[in-house]
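# A closer look at the structure
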Amino acid sequence: MNLVFSDDFVASLKKHSAIKEAVRKKVNMICESPVTLGEPLKGNFRGFYSCPVKRNFLIIFLYCATCRKKGDDAIVLCADCPDCLDDTIKFIALGPHDKAYWG
Ligand SMILES: [Zn+2]
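I will try to describe carefully the structure that is included in this document.

Parameters and conventions
- Residues numbered from 1 in each chain as written.
- Predicted model: local features only at pLDDT ≥ 70, side-chain atom pairs only at ≥ 80, totals over all residues.
- Heavy atoms only, no water.
- Patch = residues over 30% accessible without salt bridge, like charges linked within 9 Å, V, L, I, M, F, W, Y side chains within 5 Å.
- Areas by Shrake-Rupley, 256 points an atom, 1.4 Å probe, with all protein chains shown as cover.
- Salt bridge = Lys/Arg side-chain N within 4 Å of Asp/Glu carboxyl O.
- Helix = DSSP H or I, 4+ residues; strand = E, 2+ residues; numbered from the N terminus.
- Donors = N, O, S within 2.8 Å, 3.2 Å for Na, K, Ca; no water.
- Tetrahedral: all angles 85-135°; square planar, octahedral: opposite > 155°, others 65-115°.
- Buried < 20%, exposed > 50% of the residue type's maximum accessible area, 1.4 Å probe, protein only.
- Pairing = 2+ DSSP bridges.
- Contact = heavy atoms within 4.5 Å.
- Axes fitted to C-alpha atoms, helices over the stretch in contact; angles between N-to-C directions.
- Core = buried A, V, L, I, M, F, W, Y, C linked by side-chain atoms within 4.5 Å.

### What to know about a nonpolar patch on the surface
- A contiguous nonpolar patch, built from Met 1, Leu 3, Phe 5 and Val 10 and spanning about 330 Å² of accessible area, is present on the exposed surface.
- Within the fold, Phe 5 resides in strand E1 (residues 2–5).

Pasting the structure below:
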């Protein structure tokens, strides 16, 4: 797996350092089975996947093998998708579920 962490994700992880270890474990699990663990988002965030770290606290990620298959790279913010390997996982965001940004 080729892992990419966004600046947003890294900043959030620093902010929520208390659950750093839980996030690390979940990231490892997502790397092993991104399709099984990822819950597809809808609407404006079609093509993105979410996975809870704990209740109401989500990791948002993209998996390039599936964003290509569905053609979602045209919609989602996976701008450099064609330059990424198929097994690239991009960790986009980390935060509470009720954050308005993620609906
Ligand atoms: Zn992609």
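That covers the picture; the talk isn't over yet.
### Observations concerning the coordination of the zinc ion
- With distances of 2.2 to 2.4 Å, the protein atoms coordinating the zinc ion are Cys 64 (SG), Cys 67 (SG), Cys 78 (SG) and Cys 81 (SG).
- Taken together, the four donor atoms coordinating the zinc ion and their angles of 98 to 118° define a geometry best described as tetrahedral.
- Considered as a linear motif, the donors of the zinc ion on their single chain read C-x2-C-x10-C-x2-C. Separated by three residues within a single helix, Cys 64 and Cys 67 lie in helix H4 (residues 64–69), roughly one turn from each other.
- Residue class for Cys 67 comes out buried when judged on its relative accessible area of 1%.

### Focus: the sheet that holds strand E2 (residues 39–40)
- Taking strand neighbours across the sheet as the criterion, the five strands line up as E1-E5-E4-E3-E2 in an open arrangement whose pairing is mixed. The open sheet terminates on both sides in strands that have one partner only, identified here as E1 and E2.
- Lying over the sheet, helix H1 (residues 7–15) contacts E1, strand E4 (57–63) and strand E5 (88–96), oriented at roughly 45° with respect to E5.

### Re the nonpolar core
- In this structure, Phe 9, Val 23, Ile 59, Phe 61, Phe 91 and Leu 94 are the most contacted members of the largest nonpolar core, which totals 17 residues.
- Of all the secondary-structure elements, those providing two or more residues to this core are H1, helix H2 (20–32), strand E3 (49–54), E4 and E5.
- In this structure Phe 91 touches Leu 3, Val 4, Phe 5, Ser 6, Phe 9, Val 27, Ile 30, Cys 31, Ile 59, Ile 60 and Phe 61, once residues within four positions along its chain are discounted.
- Formed by 14 residues, the second largest nonpolar core is a distinct cluster that contains Phe 45, Cys 64, Val 76 and Cys 78.

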